[in-house]
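Close look at the chain arrangement
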Amino acid sequence: MESPFSQSLSRKPLQSILVKPTSADCNLACEYCFYLEKAELYPLEKQRRMPLDVMEEMVKQVMETGQPSLSFGWQGGEPTLMGLDFFRKAVECQKKYGRQGQSVGNGLQTNGILITDEWCDFFNEYSFLIGLSLDGPQHVHDRYRFTIGGGPSWRKVEDAAKRMLERGVAVNALSVLNDYSAEYPQEIYEYHKSLGFEFLQFIPCVEPDIEGIKAAPFSVTGEQYGRFLCEIFDLWRKDFVDGKPTISVRYFDSLFHLYVNMPPPECTLLEECGCYVVVEHNGDVYSCDFFVQPEWKLGNLMKGNLNDFLNGDQQTRFGCLKKEIPPECVDCPLAASMPGRLHKGPDQRSIRPRLESLLRWIQDVLRTYRRSVQTNRRRMVGTTAGGRRGILPPTSGIRRIHPPPKSRPQRPLPMWKWEEV
């Protein structure tokens, strides 16, 4: 008998995956990183690297779905620790198992430490979209983003930003908002603009403390995040030319999708989760990169199929849990303006104090942010040049990534097309 979960949704196409080729291994030791602890899942491995046979089987399963447009998100940890040859072989596998006319997008999130001219040439050759983790100017970035030895990392990351921008790499700035950086919205915004970034993503850091009940000290408060969004919104609006934005801020782009009844590119704003899967270095498959934990392990791609994992009962149940709105939010007038943003996922209800803390955080964000932005949206949701109602130039992410996601790059993925020679 078919389960009710299987009946609830039609079979989802496997169009994108998020890959952790180095698992939690990284050449930085950022204090707020939520993924470093995932190394505990693989305690017997001193160095976690994806074997080539696992990579090839993964690419094969994705390409053989026959979808006309597919995307791979490479994240970590730090994915460039795999070395450039690994990614060259990944692209070769995409060609090997691709069908004529298929388009493939590759997005890679990096801290920039290992980026060289050779990496840039490769990114350009195969139209990789890069998300560079750069929190802002030196005093902001170096607040929590340390080398393994505890030293600063900003100079090397800024050098990587300049290198990629100068060489024409499609690169976006990904900035984590914490208790410190949230106090410098204008400085961060102007800094990224001065480097030449046109695509920005601000990711709120809201992680639990050691006890798992209240927010960790480095977490941004709801009121801070709300104020930050308001100030960034005003700066972003001032940069409009002829009524059109010159800078893309992913969260604002996503909200405008919602305002005109289009699916937003940020999965946190979708009504359901579970639209992609995460592949760990050894082929283990999980529901989401924020839920790489035993209870949400779907299987291993060397013993199963990614398409089946995506459409299995466990992943469908994971996605549907997001619809279970906490009682406190049912009658909240603010929640209606943020569908899908009520929680990161199912484990937010596992500990009552943690849920209450999260709800207070969300309410602070909505009250602060909505006061400023809600009054402006009607003027901005108009008719575009093409006559279609309602939205600034659309963007799409290769994911989350993700949650307040840690994230993927947000502009439309560049694609290279498989052609038979």
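Refer to the structure above for everything that follows.
Residues numbered from 1 in each chain as written. Predicted model: local features only at pLDDT ≥ 70, side-chain atom pairs only at ≥ 80, totals over all residues. Heavy atoms only, no water.

With that settled, the discussion passes to the nonpolar core. In a soluble, globular protein the nonpolar side chains are often hidden away together inside. Of all hydrophobic cores here, the largest spans 87 residues; its most connected members are Met 58, Trp 74, Phe 123, Phe 128 and Leu 306. Setting aside residues up to four positions removed in sequence, Leu 306 forms contacts with Leu 14, Met 58, Gln 61, Val 62, Val 277, Val 279, Val 285 and Leu 301. Counting residues in hydrophobic clusters, the runner-up holds 17 residues, among them Phe 34, Tyr 276, Tyr 286 and Phe 291. (Core = buried A, V, L, I, M, F, W, Y, C linked by side-chain atoms within 4.5 Å. Buried < 20%, exposed > 50% of the residue type's maximum accessible area, 1.4 Å probe, protein only. Contact = heavy atoms within 4.5 Å.)

Once that is clear, we can look at the side chain of Arg 145. Topologically, Arg 145 is positioned in the loop between α5 (138-141) and α6 (154-166). No salt bridge is formed by the buried Arg 145; its nearest oppositely charged neighbour, Asp 135, is found at 4.6 Å. A polar contact of 2.9 Å, which involves the side chain of Arg 145, links it to the side chain of Tyr 32. Residues in contact with Arg 145, not counting those within four places in the same chain, are Leu 28, Cys 30, Tyr 32, Asn 111, Ser 133, Asp 135, Gly 151 and Ser 153. (Helix = DSSP H or I, 4+ residues; strand = E, 2+ residues; numbered from the N terminus. Lys, Arg positive; Asp, Glu negative; His and termini not counted. Salt bridge = Lys/Arg side-chain N within 4 Å of Asp/Glu carboxyl O. Polar contact = N/O pair within 3.5 Å; in protein donor to acceptor, adjacent residues only side chain to side chain.)

With six of six residues buried, strand β6 (residues 199-204) lies mostly within the body of the structure. Tracing the backbone out of strand β5 (residues 170-177), into helix α7 (residues 185-195) and back to the parallel element β6 gives a crossover that is right-handed. As paired elements, β6 and strand β7 (residues 248-249) share two bridges and run parallel to each other. Within β7, the residue paired with Phe 199 across the bridge is Ser 248. (Right-handed = clockwise from strand over helix to strand, strands pointing away. Pairing = 2+ DSSP bridges.)

It is worth spelling out the environment of Pro 204 at this point. Looking at the element boundaries, Pro 204 is found in strand β6. Take Pro 204: its relative accessible area is 6%, and that puts it in the buried class. C-alpha of Pro 204 to C-alpha of Ser 219: the two residues are 15 residues apart in sequence and 7.8 Å apart in space.

Attention now goes to the packing of aromatic side chains. A full pass over the atoms with the stated rule returns 23 aromatic pairs. Plain terms: the ring middles of Phe 87 and Trp 119 are 5.9 Å apart, the flat faces sit at 65° to each other, and that makes the pair edge-to-face. Here Trp 119 lies in helix α4 (residues 117-125) and Phe 87 lies in helix α3 (residues 84-97), a separation of 32 residues in the sequence. Among the residues examined, Phe 87 registers a relative accessible area of 0% and is labelled buried. (Phe/Tyr/Trp six-rings, centres within 6.5 Å; stacked < 30°, edge-to-face > 60°.)

On to unusual backbone geometry, then. The omega angle of the peptide bond from Gly 76 to Gly 77 is 5°, so this bond is cis rather than trans. Structurally, Gly 77 is set in the loop between β2 (69-74) and α3. In the Ramachandran plot, Ser 127 falls in the positive-phi region, its phi being about 55° despite a non-glycine side chain. Mapped onto the elements, Ser 127 comes out in the loop between α4 and β4 (129-133). We note that Asp 242 has phi near 55°; this positive angle belongs to a residue other than glycine. Relative to the helices and strands, Asp 242 is located in the loop between α8 (222-238) and β7.

Attention shifts here to the pattern of salt bridges. Summed over all chains, the structure comprises 19 salt bridges. Between Arg 88 and Glu 118 there is a salt bridge, with the nearest N and O atoms lying 3.0 Å from each other. Here Arg 88 is found in helix α3, whereas its partner Glu 118 is found in helix α4, with 30 residues between them in sequence. Looking at Arg 88, the relative accessible area reads 32%, which means it is partly exposed. The partly exposed category is assigned to Glu 118, whose relative accessible area is 47%. Asp 117 is the partner of Arg 163 in a salt bridge, and the nearest nitrogen-oxygen pair spans 2.7 Å. Residue Arg 163 is located in helix α6, and its partner Asp 117 is located in helix α4; the two are separated by 46 residues in the primary sequence. Overall, Arg 163 belongs to the partly exposed group, its relative accessible area being 31%.

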